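Chain and residue survey
Listed below, chain by chain, are the residues.
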Amino acid sequence: MSRTDEGTPTEATAPETTLPAGDLAPARADSWLARWWQSKSMRRFRRNPLAIVGLLIVLAFVVTATAAPLVTTPSRSCLRDLGLTAATAEAYKNPTNPAFYKIMFQTPTTCYMMPRVGYSPIPQTPEVSGTLLGTTSQGYDIFYGLMWGSRTAFRIGVLVVGIGLMLGLIVGATAGYLGGWVDNVLMRITDMVIAVPALVLALVIVMVLGNSIINLMIAISAVAWPSYARLVRGEVLRVKELEYVTGAQSIGRRPFGVVMRHILPNAIGPILIVASLDIGSIVLTAAALSFLGLGPELGYADWGQMISFARNWILGPPGQPLAYWYTSFWPGLVIVLFVLGWNLLGDAFRDVLDVRGNV
Amino acid sequence: MLPIVFFGVTVIIVLLMQLLTPAQRAAAYVRSENQMNQIPQIIQQYRLDEPWYVQYGLWLQRLSQGDWGYSRTTNEPVLTTLQKRFPTTAELALLAILPVIGVGILLGTAAALNRDGLVDQVVRVLSIFAWSIPTFVMGIWLLVIFYGLLGWFEPGRISTEYVIQIAQGDFRRYTGMMTIDAMLNGRFDIALDALRHLVLPVITLATVQSAQIMRVMRSSLLDALSEDYVRTARAKGLPNAKVNQKHARRNALIPVITLSGFVMIGLINGVVITETIFNYPGLGQWAAQAALSLDYASVLGFAVFTAIVVVIANLLVDVLYGVIDPRIRYA
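Basis of the calculations
- Residues numbered from 1 in each chain as written.
- Chains lettered and ligands numbered in written order.
- Predicted model: local features only at pLDDT ≥ 70, side-chain atom pairs only at ≥ 80, totals over all residues.
- Helix = DSSP H or I, 4+ residues; strand = E, 2+ residues; numbered from the N terminus.
- Buried ≥ 20, exposed ≤ 12 C-beta atoms within 10 Å, placed from the backbone.
- Contact = placed C-beta atoms within 7 Å.
- Nonpolar A, V, L, I, M, F, W, Y, C, P; charged D, E, K, R; others polar.
- Axes fitted to C-alpha atoms, helices over the stretch in contact; angles between N-to-C directions.
- Parallel < 35°, antiparallel > 145°, perpendicular 65-115°, else oblique.
- Left-handed = near helix turned anticlockwise from the far one by under 90°.
- pLDDT = per-residue confidence, 0-100.
- Core = buried A, V, L, I, M, F, W, Y, C linked by C-beta atoms within 7 Å.
- Expected span 1.5 Å × (residues − 1).

1. A look at the overall build of chain A
- Check the secondary structure of chain A and you find 18 helices and zero strands.
- Residues counted as buried form 42% of the 359 residues belonging to chain A.
- Considering only contacts within chain A whose residues lie at least 6 apart along the sequence, 64% involve residues at least 24 apart.

2. Thoughts on the overall build of chain B
- Helices and strands together make up the secondary structure of chain B, namely 14 helices and two strands.
- Dimensions along the principal axes, computed over C-alpha positions, put chain B at roughly 80 × 50 × 35 Å.
- Across the 331 residues that make up chain B, the buried fraction comes to 42%.
- In chain B, the proportion of contacts linking residues at least 24 apart, taken out of those at least 6 apart, comes to 70%.

3. Regarding the interface of chain A and chain B
- At the interface, 40 residues of chain A touch 40 residues of chain B.
- Sorting the residues of the side of chain A that touches chain B by element identifies helix H11 (180–195), helix H12 (198–209), helix H16 (279–291), helix H17 (303–310) and helix H18 (325–353) of chain A as the ones contributing at least two each.
- Its residues assigned to classes, the side of chain A that touches chain B shows 33 nonpolar, five polar and two charged.

4. So, the packing of helix H5 (residues 49–71) of chain A against helix H10 (residues 142–178) of chain A
Residue and element names in this part refer to chain A.
- Where H5 meets H10, the closest approach of the two axes is 8 Å, and the angle between their N-to-C directions is 130°. For the element pair H5 / H10, the angle class is oblique. For the pair H5 and H10, the sense of crossing is left-handed. Residues Phe61, Thr64, Ala65, Ala68 and Val71 of H5 pack against Met147, Trp148, Ser150, Arg151 and Phe154 of H10.
- Its residues placed into classes, the contact of H5 with H10 shows seven nonpolar, two polar and one charged.

5. Thoughts on unusual backbone geometry
- The phi torsion at Gln138(A) lies on the positive side, around 70°, for a residue other than glycine.
- By the element assignment, Gln138(A) lies in the loop between helix H9 (126–129) and H10.
- In this structure, Asp116(B) takes a positive phi of about 65° despite not being glycine.
- You can see Asp116(B) is positioned in the loop between helix H5 (78–113) and helix H6 (118–132).
- Accessibility expressed as a C-beta count within 10 Å gives 9 for Asp116(B), which makes it exposed.

6. With respect to the packing of H10(A) against helix H13 (residues 213–240) of chain A
All names here are of chain A.
- Where H10 meets H13, the closest approach of the two axes is 5 Å, and the angle between their N-to-C directions is 40°. With respect to H13, the element H10 is oriented oblique. Relative to H13, H10 is oriented so that their crossing is right-handed.

7. Concerning the confidence of the model for chain A
All names here are of chain A.
- Here chain A shows a mean pLDDT of 82. Residues at 70 or above account for 90%.
- Long-range and interchain partners of residues 1–16, a stretch whose pLDDT sits below 50, account for 13 contacts in this model, where long-range means more than four residues apart.
- Counting interchain partners and residues more than four positions distant, the pLDDT-below-50 stretch residues 355–359 has 11 contacts.

8. Notes on the nonpolar core
- If you look at the biggest cluster of nonpolar residues, it comprises 189 residues, and the most contacted ones within it are Ala202(A), Leu203(A), Val204(A), Ile220(A), Ile140(B) and Val299(B).
- Residues within four places of Leu203(A) in sequence aside, it is in contact with Leu289(A), Leu294(A), Ala291(B) and Val299(B).

9. Looking at the environment of Asn48(A)
- One can find Asn48(A) in the loop between helix H4 (40–47) and H5.
- For the pair Asn48(A) and Ala348(A), spaced 300 residues apart in sequence, the C-alpha to C-alpha distance is 7.5 Å.

10. Re H12(A)
Residues and elements named next belong to chain A.
- End to end, H12 covers 16 Å across 12 residues, agreeing with the expected 16 Å (1.5 Å per residue, within 8%).
- With 11 of 12 residues buried, H12 lies mostly within the body of the structure.
- Of the residues making up H12, those classed as buried are Ala198, Leu199, Val200, Leu201, Ala202, Leu203, Val204, Ile205, Val206, Met207 and Val208.
- Glycine 210, located one to two residues past H12, shows a positive phi value of around 105°.

11. Comments concerning the environment of Ile122(A)
All names here are of chain A.
- Tracing the backbone through its elements, the reader meets isoleucine 122 in the loop between helix H8 (109–112) and H9.
- Residue class for isoleucine 122 comes out partly exposed when judged on the 15 C-beta atoms lying within 10 Å of it.
- Sequence separation between isoleucine 122 and tyrosine 324 is 202 residues; the distance between their C-alpha atoms is 9.1 Å.

12. Regarding the environment of Arg188(A)
Residues and elements named next belong to chain A.
- Looking at the element boundaries, arginine 188 is found in helix H11.
- Under the C-beta neighbour-count criterion, arginine 188 is labelled partly exposed, with 13 such atoms within 10 Å.
- Taking the C-alpha atoms as reference points, arginine 188 and alanine 222, 34 residues apart in sequence, are found 16 Å from one another.

13. A closer look at the confidence of the model for chain B
- Chain-level pLDDT for chain B is 85 on average; 98% of the residues reach the 70-or-more range.
- Here the complex is predicted with pTM 0.85, and the ipTM for its interfaces comes to 0.86.

Laid out in C-alpha cells, this is it:
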C-alpha cells in the first residue's frame, strides 16, 4: 500500500527511459524478506533508537566472541591441545589449517584458560606486563579474559536457554495440553521453584555438584526453566482452542502428535524470541555465582571471576588511590554493556511482540 | 498455598542433598575435629543412610526442635548464627526498601504523568541503565570511587575503633541492629558511623530493584490513566491532582504490589552479593562463605530461612492487595 504511494506524480521527475518506481516496488515487496522488513512490528522496531543500539551492542559481542581466538595469543597448553608447536604457533589463524577449525568449533578447555603473564601477586599495568589491558593479580591477562569471556558468556547463555527451554517445553506443553490435575501439579511445582530466590537455589546446586562450568550451567538451567514453562503453557492454552487442533484430534491423532505437529509449531515463535532475550540475565546470574566463587574453575576466562579478582585491589598503594583501576573497570564495563545490550533488545522486542513473561 | 511452597522448597533441598554421600551429609553435624572419626556414629544417630523421605521427615523434625546443624563457618550452631546475623541483614534490607519504594514509585509516577516529556525520557534512560548494572559491578565501582579514591565510606559494619570500644565497654545489644542499639545506648557517634557504613550497600542493593519498580509503576499508571473511569472523573470536574492520586494511582499500584513479591526475592539475591562485596557481617556473607567451604549445614539453614522469608513476603503481598483494593478479600 505504501508502495503505490511512491509512484505518485510528485516523484515522477525521472526521465521516461527508466521504469517508474511503482512498477518495480511491488515485486520487491513480494519476497518474504522484504515483507518481514516492511511489517508493522519491524517498522516499530526500526524506529526505536534504543532497540538499534541494543542490537548493535549484541552484534558487537557476537563478533567479539567469534573473533576472540584470532585477536588473542593463546597459552602454550592451548597450542599443545591444538596440535601446534611454538614454531607453528600462528597456524591456527590460517583457515586452511585444521587447527583453525579446532579452535573455532571444538575449542579445547585449555584455550579458555587465561594465559598468565608472569606470576606476580600484584596486578600489572599494560606497560609493565606488555599486555593490552594489563593483568590481574596472579598475572592473568585481562584482555584475553574479556575476549574469551564473551565466548564463555554466549556458551552459557545459549546452552542454558536451550536446556531451560527444553524442560519448559516438556512441562509447559504437558500441563497446558492435558489440563486438569496434571496441570495443577506441574504448575504448583513451577510456582515453588519460582518462589525460591534463584541465586540461593543455584548456590546450593553448585555447592553440591562442585565447581565447573558444566555444573554452573546445570544450576542455572534448573532455576531458569519455570518461567519458560509458564510461557509455553500460556501459548499452548491459546493454540489448543483453535479449530484446526480440534480437527487434528477428531481424525484420531494421538495427543503427543497433536502437541508436536500442530500446537507447538504455532506457539513456539514468540517463545523462542522471548527465551533467547533472557541470555543477558542468565549470563548475569552466572557471573554473580562465579563472582561468589561458585563458578568455573580458577583461571577460566569468565567475567564474574575477573571481577572477583578485582575485589582485593580496590585500594591502591599509598598516594595512588586508583592504581589498579583497570582490574575492575574493564570486566565491569564489559558485563554492563552485555547486559545493557540484551535489556535494550529485550525491551523493544517485548513491546513489539506484546508477549509478557512472568511478572 | 504458602505451606506448600515451604514444603516444596525444603523437599527440593533435601533431594539435592541426596547427591552427597551419607558421610558428607554427616559433616553438617560435626562440631569439632575430634569428632571426625565418629562419622559412622553420626550417620547412625541421624539416620543419614535411610531413604530420602525418611530423612526428610527426620530433618523437618530436627528443624522444628531447633537442631539446624552446626556451622563450621562461624563455629556455632546454625540457628544461633541465624539469630545473631538476622538483625544485621534486616537493617540493610529495611533501609534498602525505603529508596526502592520511594524512588521507584515517585519517579515512576512522575514519568507517567509527564508522558514523553523531559522527566519521562530521563527516568526511562536512567531506569534502563540502573537495571543493567549488575549488583557486584556496581558495588565494586562504588568502593573504588568512594572508598579508594575519596575515602568517604568504608566497607564493613563499623569502624575498628568502635569495634574495640563496643567489645570493652558496657554496650548493650537490644535489637541486634547496630544503628538502633547505638542510639538506645546514647552513642550517637556510633550510630552515625554505622549509618555511614550502610550508605554504599544500600545504594548497591536498592538501585536494580528501584529501577524495576519504576518501570512497572510507569507503565501501569499509563494504563490506568487511559481508563474510562479516569476520563469520567475528569469530566465531572475533579481536580487533576485528585484524579491522579485517588483514581489512577491507587489502581496502578496493584501490579507494583505483585512485583514487590519479586523485589523481596531480588533483595535476598542481592543481599548475598552486596554483603560479600562490602564485607558486611550479615546472613548473605555467611551463606556465600559457607558455600565456598562446603559448609552444608549453614547453606541449608540459609536456604530454609529464605524459604520462610519468601512465604512471609507473599503473605504480606496478599494483605497489601486487600488494603489497596477492597474488592480483593480472602475468605
